Amino acid sequence: MQKTIGVLTAMNVEYRHVAAMLQDTEKVQSGPQEIMTGFLGEDNKVVLLQCGIGKTNAASGVTNLIMKCHPDYIISTGVAGGIDVGLDVMDIVIGKEVCYHDVYCGDNYDPGQVQGLPTLFKGDERLVGLATALKTDVRIVPGMICTGDQFISNHDELKVIKDKYPQGLAVDMESAAIAQVCHLWNIPFLSFRIISDTPGVTAHFEQYLNFWDTMADKSFAVTKEFLSKI
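First, a word on scope: everything that follows refers to the structure included in this document. This structure is a prediction, so every number in the text was calculated from the model and none was measured.

About the criteria used
Residues numbered from 1 in each chain as written. Predicted model: local features only at pLDDT ≥ 70, side-chain atom pairs only at ≥ 80, totals over all residues. Heavy atoms only, no water. 1 Å grid on protein atoms, 1.4 Å probe; cavity = no way out; pocket = protein on both sides within 12 Å on 5 of 7 lines; lining within 4 Å. Points joined across faces, edges and corners; volume = space filled by probe spheres on them. Helix = DSSP H or I, 4+ residues; strand = E, 2+ residues; numbered from the N terminus. Nonpolar A, V, L, I, M, F, W, Y, C, P; charged D, E, K, R; others polar. Core = buried A, V, L, I, M, F, W, Y, C linked by side-chain atoms within 4.5 Å. Buried < 20%, exposed > 50% of the residue type's maximum accessible area, 1.4 Å probe, protein only. Contact = heavy atoms within 4.5 Å. Expected span 1.5 Å × (residues − 1). Salt bridge = Lys/Arg side-chain N within 4 Å of Asp/Glu carboxyl O. Patch = residues over 30% accessible without salt bridge, like charges linked within 9 Å, V, L, I, M, F, W, Y side chains within 5 Å. Areas by Shrake-Rupley, 256 points an atom, 1.4 Å probe, with all protein chains shown as cover.

1. Examining the layout of surface pockets
Within this model, the second largest pocket holds a volume of roughly 190 Å³. What lines the second largest pocket is a set of 13 residues, among which K122, C182, H183, I187 and F189 lie closest to the centre. Elements with a contribution of two residues or more to the lining of the second largest pocket: strand 7 (121-122) and helix 5 (175-185). Take the lining of the second largest pocket: its biggest share by element is 3 residues, from helix 5. Of the residues assigned to the lining of the second largest pocket, the class counts are 8 nonpolar, 3 polar and 2 charged.

2. Structural notes on the nonpolar core
Ranked by internal contacts, the top residues of the largest apolar core, which has 35 residues, are L48, I75, F192, F226 and L227. Setting aside residues up to four positions removed in sequence, L227 forms contacts with I5, V7, M21, L40, N44 and I75. One finds I35, V62, V98 and A179 within the second-largest nonpolar core, a separate group that totals 24 residues.

3. Comments concerning helix 2 (residues 55-69)
Between its first and last C-alpha, helix 2 extends 21 Å over 15 residues, near the 21 Å set by a 1.5 Å rise per residue. Backbone geometry just downstream of helix 2 places H70 in the positive-phi region, at approximately 50°.

4. With respect to the pattern of salt bridges
This model, assessed by the stated rule, comprises 9 salt bridges. Ionic pairing is found between D84 and K162, a salt bridge with its closest N-O pair at 2.9 Å. Here K162 lies in helix 4 (residues 155-164) and D84 lies in the loop between strand 5 (73-82) and strand 6 (92-100), a separation of 78 residues in the sequence. We classify D84 as partly exposed; its relative accessible area is 25%. Exposure remark for K162: the relative accessible area of 18% places this residue in the buried category. D172 is the partner of R193 in a salt bridge, and the nearest nitrogen-oxygen pair spans 3.3 Å.

5. Points about a nonpolar patch on the surface
Taken together, the side chains of M67, L184 and W185 define a hydrophobic patch exposed on the protein surface, amounting to about 360 Å² of accessible area. Here L184 lies in helix 5.

Coordinates in, geometry out; function isn't part of it.
Following this line, the structure appears as structure tokens:
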């Protein structure tokens, strides 16, 4: 039975890697955003949208994708910064839990909790299982992804997040916003993020650039394998 998988990326370089996986592609304009439709194997129809960077762009993009394409699953993919000493560039973090690191609604609520919503958004159990069962030499680690409207670039910023969420593995700028919308619409969701850099290290930006120059193709091949398994 054919399934429709909604995939969101923030940046154009991520979008191009996912678009290259698809066959029989078509594009349609939906409001201010363009949606690419294509196929990955016989049973998986993929609807791909580049939402842009940050929480507002992410929430707008996933809502557009839901209303226009009615996907069965939604995946947030692309890169993230690693904030745990056990992670290396090219590792993949599976968002077993996703949270906001920059939300505060008062002392009556947990750090990161939006009033009336869960503190943590859970990744879909079936999707987590599929991702962690992949046979690949790229390391796949299930855990927590922390989202905020900040590009984390130094050790002090990283420490603030890590102190608040000691179990946090990675930071990005979109996943929790997408997870929140999927929670409201009751759509299975997973964040599937490749570690492109580790904030706080010496030559952090050079590390990020080196990922795109030398490692991205192999990392996104794992993304393709995951999408094919859904």
